[in-house]
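# Tertiary structure, described
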Amino acid sequence: MVRKQIEARGIKSPRVLAAFRQVPRHLFVSEALRDQAYGDYPLPIGEQQTISQPFIVAEMTQALDLGEDDRVLEIGTGSGYQAAILAQIVFRVYTIERKHSLYLQTRNLFDKLHYHNIVMKYADGTKGWQDESPFDGIIVTAGAPQIPDVLIDQLGEGGRLVVPVGNQHTQELIKIFRDGQNIRQTNLGGCRFVKLVGKHGWKDA
Ligand code: SAH
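The structure displayed is predicted, hence computed values, not measured ones. One numbering rule holds for all chains: residues counted from 1, following each sequence as written. Local features in this predicted model are restricted to residues whose pLDDT is 70 or higher, and side-chain atom pairs enter the listing and the counts only when it is 80 or higher, whereas totals over whole chains, interfaces and linings include all residues. Side-chain measures here rest on the full set of heavy atoms in the structure, leaving out hydrogens and waters.

## Notes on helix H2 (residues 14-22)
Two residues of an α-helix separated by three or four positions point the same way, owing to the 3.6 residues in each turn. The buried label applies to any residue whose accessible area, calculated with a 1.4 Å probe on protein chains only, is under 20% of its type's maximum; exposed applies above 50%, and partly exposed to all values in between. Put simply, DSSP H or I for four residues or longer makes a helix, DSSP E for two residues or longer makes a strand, and each gets a number counted from the N terminus. Looking only at H2, the buried set comprises Val16, Leu17, Ala19 and Phe20. Axial view of H2: buried residues confined to an arc of 160 degrees, hence all on one face. Residues of H2 that are exposed and angled more than 90 degrees away from the buried face: Pro14 and Arg21. Each element contacted by the buried residues of H2 is listed here: helix H1 (2-7), helix H3 (54-64) and helix H4 (81-89). To be clear, the arc concerns the directions from the helix axis to the C-beta atoms. In this description, contact between two residues means that some pair of their heavy atoms is separated by no more than 4.5 Å.

Here it is as structure tokens:
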């Protein structure tokens, strides 16, 4: 998976590649889907949600440009795979999920796999996590209708935000870099995510 789907498509960060070699993706999908866990596509994880395609996880992680002392916020825990990748690289991962069943299931998995540097919350992640801010990186793993200003406000100096923005059919992966009072924005290309639902997201699924 790493060589053909990730390295071959231009992911170069040694930290990201090492994280992908360490996290057993098959443990983040249901037993029935285990033989497909390393395929080049997203898979269902219940509650009409999906674990993202490996390449998109790698692309977003690389775009965050993370270091070992960083604190990162993820919105949309889902299966926990993206959070586990982040946890290999950074000091601490904060992750928020709004579906209670997914929250419980993934919290149990993190306990079982001894991911002690992942902190979870069951809440509407579109509001961010004010008490733990500012963050070095924020990653949104569901599609937002617009760039959520609340999340930009929770970035520290030099902080990076990666978020898919658009409608149900077409979304662009946007990277925001906070440089003092300036906000720099780049477009990383097309993508497709389930909806980000909440106060500063879509109103319903
Ligand atoms: N990062 C996940 C991708 C899961 S799909 C993984 O690696 O598996 C997107 C997830 O975002 C779903 O679990 C969905 O319930 C969650 N989500 C959608 N809107 C949300 C919100 N406002 N706050 C927190 N989680 C949200």
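Structure's up, so let's keep going.
## Considering the pattern of salt bridges
We count a salt bridge whenever a side-chain nitrogen from Lys or Arg sits within 4 Å of a carboxyl oxygen from Asp or Glu. Considering all chains together, one arrives at six salt bridges under this definition. Between Arg9 and Asp40 there is a salt bridge, with its nearest N and O atoms 2.4 Å apart. You can see Arg9 sitting in the loop between H1 and H2 and its partner Asp40 sitting in the loop between H2 and strand S1 (43-46), a full 31 residues away along the chain. With relative accessibility at 31%, the residue Asp40 sits in the partly exposed group. The residue Arg160 makes a salt bridge to Asp70 at a minimum N-O spacing of 3.2 Å. On the criterion of sequence distance, the pair formed by Arg160 in strand S7 (residues 155-166) and Asp70 in the loop between H3 and strand S3 (71-75) is long-range, its members being 90 residues apart. The exposure class assigned to Arg160 is buried, which follows from its relative accessible area of 11%.

## Brief notes about the packing of aromatic side chains
Each Phe, Tyr or Trp ring, with Trp reduced to its six-membered ring, pairs with another whose centre is within 6.5 Å; inter-plane angles below 30 degrees give stacked pairs, above 60 give edge-to-face pairs, and intermediate values give tilted ones. Evaluation of the coordinates by the stated rule reveals six aromatic pairs. With centroids separated by 5.5 Å and ring planes inclined at 80 degrees, the aromatic side chains of Tyr94 and Trp129 adopt a geometry described as edge-to-face. With Tyr94 in strand S4 (residues 92-97) and Trp129 in the loop between strand S5 (118-122) and strand S6 (135-140), this pair connects stretches of sequence that are 35 residues apart. Note on accessibility: Tyr94 and Trp129 belong to one class, buried. Ring plane angle 70 degrees and centroid distance 6.0 Å describe the contact between Phe110 and Tyr115, whose orientation is recorded as edge-to-face. The class of Phe110 is buried, set by a relative accessible area of 3%. An aromatic cluster of at least three residues, connected via ring pairs, comprises Phe20, Phe28 and Tyr81. Both a distance and an angle decide whether a charge sits over a ring: NZ of Lys or CZ of Arg must be within 6 Å of the ring centre and within 35 degrees of the ring normal. The cationic tip of Arg9 hangs over the ring face of Phe55; the distance from NZ or CZ to the ring centre is 5.3 Å.

## Here's the deal with the pairing of strand S9 (residues 182-191)
Across nine bridges, the pairing between strand S8 (residues 171-179) and S9 is antiparallel. Bridge pairing links Lys175 to Thr186 in S9. When DSSP locates at least two bridges between a pair of strands, those strands are taken to pair.

## Brief notes about the pairing of S5
In terms of strand pairing, S4 meets S5 through five bridges, oriented parallel. The partner of Tyr94 across the bridge, within S5, is Val119. Handedness of a crossover is defined as follows: with both strands directed away from the viewer, a clockwise route from the first strand across the helix to the second makes it right-handed. As a crossover connection, the stretch from S4 through helix H5 (residues 100-112) into S5 is right-handed.

## Considering the site of the ligand
Not every one of the 26 residues close to the ligand is listed here, only the nearest: Glu74, Ser79, Glu97, Gly125 and Val197. Ser79 places a polar side-chain atom, nitrogen or oxygen, 2.6 Å from an oxygen atom of the ligand. In protein, a polar contact means a hydrogen-donor-capable atom and an acceptor-capable atom, both N or O and within 3.5 Å, with residues adjacent in sequence counting only if both atoms are side-chain atoms; elsewhere, any N or O pair within 3.5 Å suffices. A distance of 2.8 Å separates a nitrogen atom of the ligand from a polar backbone atom of Gly125. Method for areas: the Shrake-Rupley scheme with a 1.4 Å probe, in which residue coverage is limited to the protein chains shown. For the ligand, the accessible surface in isolation is 580 Å², of which the surrounding protein chains cover 99%. Basically, the charged four are Asp, Glu, Lys and Arg, the nonpolar ten are Ala, Val, Leu, Ile, Met, Phe, Trp, Tyr, Cys and Pro, and anything else, Gly included, counts as polar. Per-class residue counts for the shell around the ligand are ten nonpolar, ten polar and six charged. Only heavy atoms are used to decide nearness, and a residue is near a molecule or strand if one of them lies within 4 Å of it.

## Considerations on the nonpolar core
To define a nonpolar core, start from buried Ala, Val, Leu, Ile, Met, Phe, Trp, Tyr and Cys residues and group those joined through side-chain atoms within 4.5 Å. Of all hydrophobic cores here, the largest spans 45 residues; its most connected members are Phe20, Phe28, Tyr81, Tyr115 and Ile118. Elements represented by at least two residues in this core include exactly H1, H2, S1, H3, H4, H5 and S5. Discounting chain neighbours no more than four positions away, the residues touching Phe20 are Met1, Val2, Ile6, Pro54, Val57, Ala58, Tyr81 and Ile85. With 20 residues, the next largest nonpolar core counts Ile75, Phe135, Leu151 and Val165 among its residues.

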